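Observations on the three-dimensional arrangement
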Amino acid sequence: MITRVDEQLRREAALHSLKFSCEDCAHFVADRHACANGYPTGPHHAVQLAQVSTLEFCKEFELA
């Protein structure tokens, strides 16, 4: 799911400690920088909300 990133989302993500990137996912294999389920990590890996205008949420994301 692709979501537009605006100042409100940035504030709320910081306020509520929103987790959405690969590094926070239970399926992320850190030593390989890869998804254990085989999904591409590019759109989700090391996302910095201050630097993007859209955010792509992974349908397989599961908080680690």
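This text follows the structure it describes.
Remember, predicted model here, so these are calculated numbers, not experimental data. (Residues numbered from 1 in each chain as written. Predicted model: local features only at pLDDT ≥ 70, side-chain atom pairs only at ≥ 80, totals over all residues. Heavy atoms only, no water.)

1. Considering the nonpolar core
One finds Val-5, Leu-9, Ala-13, Phe-20, Val-47, Leu-49 and Leu-55 forming the largest nonpolar core, which totals seven residues. Not counting chain neighbours up to four residues away, the residues in contact with Val-47 comprise Phe-20, Ser-21, Val-52 and Leu-55. (Core = buried A, V, L, I, M, F, W, Y, C linked by side-chain atoms within 4.5 Å. Buried < 20%, exposed > 50% of the residue type's maximum accessible area, 1.4 Å probe, protein only. Contact = heavy atoms within 4.5 Å.)

2. A word on unusual backbone geometry
Phi at His-33 is positive, roughly 50°, even though this residue is not glycine. One can find His-33 in the loop between β2 (28-29) and β3 (34-35). One non-glycine residue, Ala-46, lies in positive phi territory at about 55°. Since its relative accessible area comes to 45%, Ala-46 is described here as partly exposed. (Helix = DSSP H or I, 4+ residues; strand = E, 2+ residues; numbered from the N terminus.)

3. Quick look at the packing of aromatic side chains
Under the counting rule described, the total for this entry stands at one aromatic pair. Aromatic pair Phe-20 and Phe-57: ring centres 6.3 Å apart, planes at 75°, arrangement edge-to-face. Placement of Phe-20 in the loop between α1 (7-16) and β2 and of Phe-57 in the segment after β4 (54-56) is noted, with a sequence separation of 37 residues between them. Accessibility expressed as a relative area gives 9% for Phe-20, which makes it buried. (Phe/Tyr/Trp six-rings, centres within 6.5 Å; stacked < 30°, edge-to-face > 60°.)

4. Section: the environment of Lys-19
Counting through the fold element by element, Lys-19 comes out in the loop between α1 and β2. By relative accessible area, which is 42% here, Lys-19 ends up partly exposed. The contact partners of Lys-19, leaving out residues within four places of it in the chain, are Asp-24, Phe-61 and Leu-63.

5. Points about the state of the cysteines
Note: disulfide means a covalent bond formed between the sulfur atoms of two cysteine side chains. What the rule picks out here adds up to zero disulfides. Its sulfur unpaired, Cys-22 is 6.8 Å from the next cysteine sulfur, which belongs to Cys-58. Considering cysteine sulfurs only, Cys-58 is the nearest to Cys-35, which forms no disulfide, with 6.0 Å between them. The exposure class of Cys-35 is buried, given its relative accessible area of 14%. (Disulfide = S-S within 2.5 Å.)

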